[in-house]
Amino acid sequence: MRESDINSLIANVPKWEELSELPTPKEIIVGGELRESVIRDISRIKKEPNWMLRLRLKAFEIWKKLPAPNWLLGVEDLNVEDLAHYVKPAVSTKNDFQSLPEKILEFYVSLGIPESEAKYLSGLAGVLDSETILIRIKEWLKKKNVIFMETEEAVKKYPDLVKRYFSKIYPMADHKFAALHYALWSGGAFVYVPPNVKITQPIEAFFMISSSLESQYEHTMVIADENSYIHFIEGCAAPMFPKYSFHDGAVEVYVHRKAHVRFTTIQNWSKRIINFNNKRSVVEEDGYVEWLEGGIGARVSYVYPSAVLRGRNAKASILAVSIANGPYIKDSGAKVYHLAPNTKSEVIAKSISSNGGLTVYRGLIYMAKGAKNATSHVQCDSLLLDNKSRSVTIPHNQVLENSADVTHEATAGRISEDALFYLQSRGLSEDESKSLIVLGFMHDLIKELPFEMANILNTVVQLEFSKIGGVG
Amino acid sequence: MSSLKVENLTVSIENKVVLRDVSFELQRGEILSIMGPNGSGKTSLALTIMGHPRYRVISGRILIDEEDITNLPPDERSLRGLFLAFQNPVEVRGIRLSTLIFSALNKRRGEKNLLKSDPQIIPLLMKNLRDVGLSNEHLQREVNLGFSGGEKKRSELLQALMLKPKFLILDEPDSGLDVDGIKITAEKIKELASQGTGIIIITHYARLLKYLSPREIIVIRDGKIVTRGGSELSYLIEEKGYEALNGDLNA
């Protein structure tokens, strides 16, 4: 978006940080000890085909065997058996706003979602708790044979298509919580873009968790066939309920020859959410994947968008911006696997730590033998707003190809007392000065966003830094 | 009467006393100059009046229009009409000069969205930009980033012109400027003074004062006021240096 658009943004403050729970009617809640019967129950409720049940059970076996990752910080109190594994909200139909639960609709309106859907979006999916409660798609996409539906429906209607990709892009044995995701997955959106179709206006999926001690395991898939284009946007929100909830979603993106997928996430969970987001793309010859990730909310967040560049000239750009403001942890980064000649990747990771926050960059660049003349550049910039906050960079490069070129640059800066004083001497308060510096630091991300997402992000950042010192 | 008063100010930084018992008063529309050799405490005085957090006021007060601002944060002082044009303005990454100017103006007008750019301001901004000898390109750059010494000084002056403070402190406004730059600065200072801004010029050299004939010149050394007088003092310093004043005092 243009600078003048950013300048004309008007703060329309969403109120979810003040809410304790969102009272929404629920039809089914499955909780308790995590046993095979729980998985069978969920599968039965969904009336899904047998192959999917078998896939779930296989993932469940892997979950039981895998150890908890020993590098995780800040999830000591996470016990998945305390959580509701599946929460089905009571919703009648899924294609109009009016059928949404009242509180959810109010929320959507306060965020401007119906308006942006009308103006900017090609499609919109709404996920609440464990189910997709809203799916809307513009007519012309249907005529072009674009498939956009909840993932469960695609499993039933297009089993062959789904089977080709489901769990093939993001492997279930990647880590313990990936296995758990596949055992319990529910909700999410499935998009298939046929060859040569370019969807110029984005499709958005919006995720909400309404109460404490819930888990959300949505599974989103974007399949871009040859020479197609799609921009998919994810937004996330949750109120400030009394206890924590757990988000362990997955996104699988397949970029066929010459296709281009841009996947944008604005993660603004409340500070009660433990967030895992397992994101991976596979990119064929001359394909291009872009991951744009703005991680603002959540108590603890683990997100590493990744790309497997398997075809010649395949390209990946990953831009991740994360903010840890308060006693929170943002562990993020990017992984790129270069498997073919002339593949290219660029990673820009920016983190902001404030008020005791910890940001971690964890990255992997892998250059396989035979990835001739592949290049990768990684840039990590971290900004510390005070002395209590920390930032850690853990880059990892594995280069098995002599002609490949990997470069890494890192900068770490503290906002200097003098820079703050300078801005304050112009009449801006300390908080205003900090939020301006943060917005400036995030400019690379903001300028890439569509208007309404940039609007949300701007508002969120200003809010975030207007309450420094009073973080709950 | 609208005034900036400094009363018996004693200030330390990291337990070292840098100003002792400094007092003066400035009315709106007046020009005052604070002179002194390097390291005499001139910049400390400017930063203390603006409220830099590293400077601790041990005793004394600073007042704007009889209101004690000694314990106010810098932004509150700014909103009461104080402006400091820094000797060495810092680079602020991520914020464009235009954004800073719009934000500062929006803050003064009570506009909630600090980033809003009001098109009505643009003609005045363009005029001031030309007058101080900067271009549109400087507005789009991050504040002071990669600016030459002279460009930084011009940018400080531009901001002062846009914010129209009641009291403007210029710390070494002529260093790094060429002759034309010095002339422009002097003209703009006169213009602001004629419109009611009270001006403090902190300078080591007398050259800028030739254009301005301040009402009072205060000379400080080792954090203390050693002498004060009219414009003639600056000529004496220019001809014979600060040593001459010492002799004068010792006599």
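Up top is the structure these notes are about.
Residues numbered from 1 in each chain as written. Chains lettered and ligands numbered in written order. Predicted model: local features only at pLDDT ≥ 70, side-chain atom pairs only at ≥ 80, totals over all residues. Heavy atoms only, no water.

A. Spatial organisation of the overall build of chain A. Helix and strand content of chain A: 13 helices and 23 strands. By the compact-globule yardstick of 23 Å for 472 residues, chain A fits well, its C-alpha radius of gyration being 21 Å. With respect to the three principal axes, the spread of C-alpha positions in chain A is 65 × 55 × 45 Å. Out of the 472 residues belonging to chain A, those deemed buried represent 64%. (Helix = DSSP H or I, 4+ residues; strand = E, 2+ residues; numbered from the N terminus. Rg over C-alpha atoms; globule rule 2.2 N^0.38 Å. Buried < 20%, exposed > 50% of the residue type's maximum accessible area, 1.4 Å probe, protein only.)

B. Structural view of the pairing of strand 18 (residues 329–338) of chain A. Residues and elements named next belong to chain A. Where burial is concerned, most of strand 18 is hidden: nine out of the 10 residues are buried. In this sheet, strand 18 lies alongside strand 15 (residues 300–303) in parallel orientation, the contact comprising four bridges. Counted as the bridge partner of Val-300 is Ile-329 from strand 18. With four bridges joining them, strand 16 (residues 306–309) and strand 18 adopt parallel strand pairing. When the sheet's bridge partners are listed, Ser-306 is paired in strand 18 with Lys-335. (Pairing = 2+ DSSP bridges.)

C. Structural view of the pattern of salt bridges. Under the defined criterion, the tally for this structure stands at 42 salt bridges over all chains. Note that Glu156(B) and Arg426(A) form a salt bridge whose closest N and O atoms lie 2.7 Å from each other. Of this pair, Glu156(B) sits in helix 6 (residues 149–163) while Arg426(A) sits in the loop between helix 10 (417–424) and helix 11 (430–441), which puts the two residues in different chains. For Arg426(A), a relative accessible area of 0% translates into the label buried. (Salt bridge = Lys/Arg side-chain N within 4 Å of Asp/Glu carboxyl O.)

D. The sheet that holds strand 5 (residues 67–68) of chain B, seen in detail. Residue and element names in this part refer to chain B. Spatial ordering of the open sheet is given by 2-1-4-5, a layout of four strands whose pairing is antiparallel. Each of the sheet's edge strands pairs with one partner strand only, and the pair in question is strand 2 (16–27) and strand 5. Strand direction decides the pairing type here: strand 1 (residues 3–13) and strand 2, joined by eight bridges, are antiparallel. Each residue of the ladder has a partner; that of Leu-4, found in strand 2, is Leu-26. Along the sheet, helix 1 (residues 42–50) contacts strand 1, strand 2 and strand 4 (56–64); its crossing angle with strand 2, the most-contacted strand, is approximately 70 degrees. (Contact = heavy atoms within 4.5 Å. Axes fitted to C-alpha atoms, helices over the stretch in contact; angles between N-to-C directions.)

E. How the structure looks around the interface of chain A and chain B. In this assembly, 27 residues from chain A lie in contact with 37 residues from chain B. Linking chain A with chain B are four salt bridges. Summed over the shared surface of chain A and chain B, the result is 13 residue pairs in polar contact (both at pLDDT 80 or more). Every element with two or more residues in the side of chain A that touches chain B is listed here: helix 1 (3–7), helix 10, helix 11 and helix 13 (451–466) of chain A. Element by element, the count of residues in the side of chain A that touches chain B is highest for helix 10 of chain A, at seven residues. Taken together, the residues of the side of chain A that touches chain B sort by class into 12 nonpolar, 10 polar and five charged. (Polar contact = N/O pair within 3.5 Å; in protein donor to acceptor, adjacent residues only side chain to side chain. Nonpolar A, V, L, I, M, F, W, Y, C, P; charged D, E, K, R; others polar.)

F. Spotlight on unusual backbone geometry. We note that Lys258(A) has phi near 60 degrees; this positive angle belongs to a residue other than glycine. On the secondary structure map, Lys258(A) appears in the loop between strand 11 (245–255) and strand 12 (260–268). Residue classification places Lys258(A) among the partly exposed positions, given a relative accessible area of 45%. Of note in this structure, Ser213(B) is not a glycine but carries a positive phi near 35 degrees. The exposure class of Ser213(B) is exposed, given its relative accessible area of 52%.

G. View of the layout of surface pockets. Each pocket or cavity is described by its volume, and for the largest pocket that value is around 760 Å³. Forming the walls of the largest pocket are 32 residues, and the residues nearest its centre are Gly440(A), Phe441(A), Arg93(B), Gly94(B) and Glu142(B). The class makeup of the residues in the lining of the largest pocket is 13 nonpolar, 10 polar and nine charged. (1 Å grid on protein atoms, 1.4 Å probe; cavity = no way out; pocket = protein on both sides within 12 Å on 5 of 7 lines; lining within 4 Å. Points joined across faces, edges and corners; volume = space filled by probe spheres on them.)

H. Region of the structure containing the packing of aromatic side chains. Residue and element names in this part refer to chain A. Following the criterion strictly, the structure yields 17 aromatic pairs over all chains and no others. When the centroid spacing of 5.7 Å and the interplanar angle of 70 degrees are considered together, the rings of Phe-177 and Phe-246 count as edge-to-face. Here Phe-177 is found in helix 9 (residues 176–184), whereas its partner Phe-246 is found in strand 11, with 69 residues between them in sequence. The two residues Phe-177 and Phe-246 agree in class, both being buried. Pairing Tyr-337 with Tyr-366 gives two aromatic rings, centres 6.1 Å apart and planes at 50 degrees, and the pair type is tilted. Of this pair, Tyr-337 sits in strand 18 while Tyr-366 sits in strand 20 (residues 358–367), placing them 29 residues apart in sequence. What makes Tyr-337 buried here is its relative accessible area of 19%. Among the aromatic residues, those joined into a ring-pair cluster are Trp-71, Phe-177, Tyr-217, Phe-246, Phe-276, Tyr-302 and Tyr-304. The residue whose ring lies beneath Lys-176 is Trp-63, and the NZ or CZ to ring-centre distance is 4.7 Å. The ring of Tyr-170 is capped by Arg-280, whose NZ or CZ atom sits 4.9 Å from the centre of that ring. (Phe/Tyr/Trp six-rings, centres within 6.5 Å; stacked < 30°, edge-to-face > 60°. Lys NZ or Arg CZ within 6 Å of the ring centre and 35° of its normal.)

I. Local environment of the sheet that holds strand 11 (residues 216–221) of chain B. All names here are of chain B. In space, the six strands of this open sheet follow the order 6-9-10-3-11-12, with mixed pairing throughout. On the outer flanks of this sheet lie strand 6 (82–85) and strand 12 (224–229), each paired with one strand and no other. Each strand of the sheet is rotated relative to its neighbour by a mean of 20 degrees, with strand direction disregarded. Docked against the sheet, helix 6 engages strand 6 and strand 9 (167–171), running at close to 165 degrees with respect to strand 6. Against the sheet, helix 7 (residues 179–194) touches strand 3 (31–35), strand 9 and strand 10 (198–203), its axis set at about 150 degrees to strand 10.

J. Representation of helix 7 of chain B in the model. Residue and element names in this part refer to chain B. With 16 residues, helix 7 should reach 22 Å at 1.5 Å per residue; the first-to-last C-alpha distance of 23 Å fits that figure. If you follow the buried residues of helix 7, they end up packed against strand 3, helix 4 (122–132), helix 6, strand 9, strand 10 and helix 8 (209–212). One or two positions beyond helix 7, positive phi appears at Gly-196, with a value near 105 degrees. (Expected span 1.5 Å × (residues − 1).)

K. Spatial organisation of the environment of Ser175(B). All names here are of chain B. One can find Ser-175 in the loop between strand 9 and helix 7. Under the relative-accessibility criterion, Ser-175 is labelled partly exposed at 28%. The spatial distance from the C-alpha of Ser-175 to the C-alpha of Arg-154 is 11 Å, given a sequence separation of 21 residues. Filtering out sequence-adjacent residues up to four positions away, Ser-175 remains in contact with Lys-153 and Arg-207. A distance of 2.7 Å separates polar atoms of two side chains, one belonging to Ser-175 and the other to Lys-153.

L. Local environment of the side chain of His175(A). Assignment of secondary structure puts His175(A) in the loop between helix 8 (159–165) and helix 9. Once residues within four sequence positions are removed from consideration, His175(A) is found in contact with Leu66(A), Tyr170(A), Phe276(A) and Asn278(A).

M. Looking closely at the environment of Val92(B). Along the chain, Val92(B) falls in strand 7 (residues 92–96). Val92(B) gets classed as buried once you look at its relative accessible area, which sits at 2%. In sequence terms Val92(B) and Ile62(B) are 30 residues apart; their C-alpha atoms lie 28 Å from each other. Beyond its immediate chain neighbours, meaning those up to four positions away, Val92(B) contacts Ala419(A), Tyr422(A), Leu423(A), Ile437(A), Glu142(B) and Val143(B).

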